[in-house]
Amino acid sequence: MLRGADLRVTRPRMAVLSAVHAHPHADTDSIISVVREQLGEVSHQAVYDVLRALTAARLVRRIQPAGSVARYESRVGDNHHHVVCRSCGVIADADCAIGEAPCLTASHDHGFAIDEAEVVYWGLCRDCSAASSS
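Residues numbered from 1 in each chain as written. Predicted model: local features only at pLDDT ≥ 70, side-chain atom pairs only at ≥ 80, totals over all residues. Heavy atoms only, no water.

Caption draft 1: Here's a closer look at the sheet that holds strand S5 (residues 91-94). With mixed pairing, three strands are arranged side by side in an open sheet as S5-S4-S6. Bordering the open sheet on either side are S5 and strand S6 (120-123), each of which pairs with just one other strand. Mean inter-strand twist for the sheet, computed between neighbouring axes without regard to direction, equals 25°. Bridge count for strand S4 (residues 81-85) against S6 is four bridges, and the pairing is parallel. By the bridge assignment, valine 83 is partnered in S6 with tyrosine 121. (Pairing = 2+ DSSP bridges. Helix = DSSP H or I, 4+ residues; strand = E, 2+ residues; numbered from the N terminus. Axes fitted to C-alpha atoms, helices over the stretch in contact; angles between N-to-C directions.)

See below:
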């Protein structure tokens with residue numbers, strides 16, 4: 001994947017990419033912890049730099065729901081959305097509801113060439129919903 005994106009293959013890049021694939025929607029601190037388990041000591045800045053390079057190369061996607069820190073996922077190349085729990089903050093993927101990327105058709109595009117839409121569904125996850133009911 002790295003070579004295909006014209007990026008040098010380095011241990012930190014491989015470790016970060018692997019961490020994002022293994023832990024969808026992980027925040028930077030979680031990714032740093034996973035990378036340190038694999039490589040030992042690695043600086044915060046090194047992981048931030050790798051995440052920035054992987055995002056620019058479109059190997060990972062950066063998302064940041066309102067009120068949340070940045071999170072990273074390996075699901076790129078489609079126009080999926082997210083559902084976020086208001087209580088515990090867990091995030092899950094949500095595909096477009098019908099057809100081929102229906103959400104790319106804005107009611108008025110204001111002259112923009114739209115290539116992505118972002119929808120975030122908010123609510124309570126199953127566990128938090130059950131806890132609030134009891």
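Caption draft 2: View of the pattern of salt bridges. Tallied over the entire structure, the rule returns six salt bridges. Where aspartate 49 meets arginine 52, a salt bridge forms, and the shortest distance between an N and an O atom there is 2.9 Å. Placement of the pair is aspartate 49 and arginine 52 together in helix H3 (residues 44-56), with a separation of three residues, close to one helical turn. For aspartate 49, a relative accessible area of 38% gives the class partly exposed. Judged by its relative accessible area of 51%, arginine 52 is exposed. With a closest N to O distance of 3.6 Å, aspartate 93 and arginine 75 form a salt bridge. A residue pair is termed long-range when its members are at least 10 positions apart, and aspartate 93 in strand S5 and arginine 75 in the loop between strand S3 (71-73) and S4 qualify at 18 residues. Judged by its relative accessible area of 32%, aspartate 93 falls in the partly exposed class. Its relative accessible area of 28% is what places arginine 75 among the partly exposed residues. A single salt-bridge network, built from bridges that share partners, covers Arg75, Asp78, Asp93 and Asp95. (Salt bridge = Lys/Arg side-chain N within 4 Å of Asp/Glu carboxyl O. Buried < 20%, exposed > 50% of the residue type's maximum accessible area, 1.4 Å probe, protein only.)

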